[in-house]
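# Results of the structural survey
Now for the letters of each chain:
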Amino acid sequence: MIKGLKNIIVASIVAISALVSASASAESNPYTLMQQTADKLFGDIKSNQNKIQRDPNYLRTIVRNDLIPHIHIKYAGQLVLGKNLSSANNSQREAFFKAFGEFVEQSYAQVLTQYSDQKIQIENEKPLNNKSIVSIRVNVLQQGNNQPIKLDFKWRKNSKTGEWQAYDMAAEGVSMVATKQNEWSGILRQKGIDALTAQIEQSARQPIKLSK
């Protein structure tokens with residue numbers, strides 16, 4: 001009986017290890033993560049269209065639940081701040097990253113108003129070849145002869161954990177990170193990080209408006 005119990009325990013450990021290994025393998029591949037994230041994100045948008053039509057801000061809830069957990073907010077924010085990061089104290093950094101995270105949520109939700117129930121096409125997986133940054137194209141296919149909406153998600157591999165996280169999205173070739181770097185550099189230079197954080201907080205509070 002003891003031997004049988006031991007075999008069951010060993011078999012359970014092997015099964016759990018296999019599941020953990022499979023999960024780790026999926027998490028270490030940005031293409032797999034992109035597919036899983038897109039399936040959940042666009043699936044939830046499609047199935048909640050009635051609610052979104054009544055309250056467009058519900059898109060923020062979907063983005064917060066489905067997309068934000070896969071985004072490296074701090075890394076994206078560091079890229080936006082650039083050299084200004086070193087001159088900010090801890091409380092200023094904390095306030096900025098909090099505001100920036102809410103801004104990213106609002107911005108992505110606004111971009112995703114262009115989607116309702118179209119088909120999604122994710123580019124085929126390419127060899128990673130030890131790359132630490134990859135860009136993955138997601139096409140939102142349109143009806144008729146209309147060109148697809150092109151979304152490019154940039155993913156970065158954490159050198160310490162090996163985890164892949166998205167840090168930027170380019171809609172029709174326009175990078176959010178690069179756009180905000182250019183747009184906010186003047187405010188940082190003239191008024192400082194506190195003024196920029198206040199402006200970002202205000203932008204993040206803007207309601208989501210559905211495309212007409």
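Residues numbered from 1 in each chain as written. Predicted model: local features only at pLDDT ≥ 70, side-chain atom pairs only at ≥ 80, totals over all residues. Heavy atoms only, no water.

Let us look at the environment of Leu59. Looking at where Leu59 falls in the secondary structure, it is placed in helix H4 (residues 58-66). Under the relative-accessibility criterion, Leu59 is labelled buried at 1%. The spacing of Leu59 and Ile45 is 14 residues in sequence and 7.3 Å in space, taken between C-alpha atoms. Apart from residues lying up to four places away in sequence, Leu59 is in contact with Ile45, Ile52, Ala109, Leu112, Thr113 and Ile208. (Helix = DSSP H or I, 4+ residues; strand = E, 2+ residues; numbered from the N terminus. Buried < 20%, exposed > 50% of the residue type's maximum accessible area, 1.4 Å probe, protein only. Contact = heavy atoms within 4.5 Å.)

The next point concerns the confidence of the model for the protein. Any segment with low pLDDT has predicted coordinates that should not be analysed in fine detail. Residues of the protein with pLDDT of at least 70 account for 87%, and the chain-wide mean is 85. When pLDDT is averaged over each element of the protein, H4 comes out on top at 97 and helix H1 (residues 2-27) at the bottom at 37. Contacts from residues 1-26, a stretch scored under 50 in pLDDT, to residues over four places away or in other chains number 3 contacts. (pLDDT = per-residue confidence, 0-100.)

What follows deals with the sheet that holds strand S5 (residues 174-175). Strand order in this open sheet of 5 strands is S1-S2-S3-S4-S5, and the pairing throughout is antiparallel. The sheet is open, and its two edges are formed by strand S1 (120-122) and S5, each paired on a single side. One ladder, built from 8 bridges, connects strand S2 (residues 133-140) with strand S3 (residues 149-157); its direction is antiparallel. Looking across to S3, one finds that Val134 is bridged to Trp155. (Pairing = 2+ DSSP bridges.)

Moving on, we get to the packing of helix H5 (residues 73-81) against helix H6 (residues 90-111). At a closest axis distance of 10 Å, the pairing of H5 and H6 adopts a crossing angle of 105°. In terms of axis orientation, H5 runs roughly perpendicular to H6. Where H5 abuts H6, its residues Ile73, Lys74, Ala76, Gly77, Gln78, Val80 and Leu81 lie against Phe96, Phe97, Phe100, Gly101 and Val104. In the contact of H5 with H6, the residues fall into 8 nonpolar, 3 polar and 1 charged. (Axes fitted to C-alpha atoms, helices over the stretch in contact; angles between N-to-C directions. Parallel < 35°, antiparallel > 145°, perpendicular 65-115°, else oblique. Nonpolar A, V, L, I, M, F, W, Y, C, P; charged D, E, K, R; others polar.)

Our focus in this paragraph is the packing of aromatic side chains. Inspection of the entire model under this criterion finds 7 aromatic pairs. Judged by centre distance (5.7 Å) and plane angle (10°), the ring pair of Phe96 and Phe100 falls under stacked. Separated by 4 residues within a single helix, Phe96 and Phe100 lie in helix H6, roughly one turn from each other. When its relative accessible area of 0% is taken as the criterion, Phe96 is described as buried. Of the aromatic side chains, those joined through ring pairs into one cluster are Phe96, Phe97, Phe100, Phe103 and Trp184. In this structure, Lys51 is placed above the aromatic ring of Tyr58, and the distance from its NZ or CZ to the ring centre is 4.6 Å. For the cation-ring pair, Arg156 lies above Tyr75, with the distance from its terminal atom to the ring centre recorded as 4.0 Å. (Phe/Tyr/Trp six-rings, centres within 6.5 Å; stacked < 30°, edge-to-face > 60°. Lys NZ or Arg CZ within 6 Å of the ring centre and 35° of its normal.)

Enumeration according to the criterion identifies 8 salt bridges in this entry. Between Lys98 and Glu102 there is a salt bridge, with the nearest N and O atoms lying 3.0 Å from each other. A residue pair is termed a helical-turn pair when its members lie 3 or 4 positions apart in one helix, as Lys98 and Glu102 do in helix H6 at 4 residues. Glu102 sits in the partly exposed class, given a relative accessible area of 33%. (Salt bridge = Lys/Arg side-chain N within 4 Å of Asp/Glu carboxyl O.)

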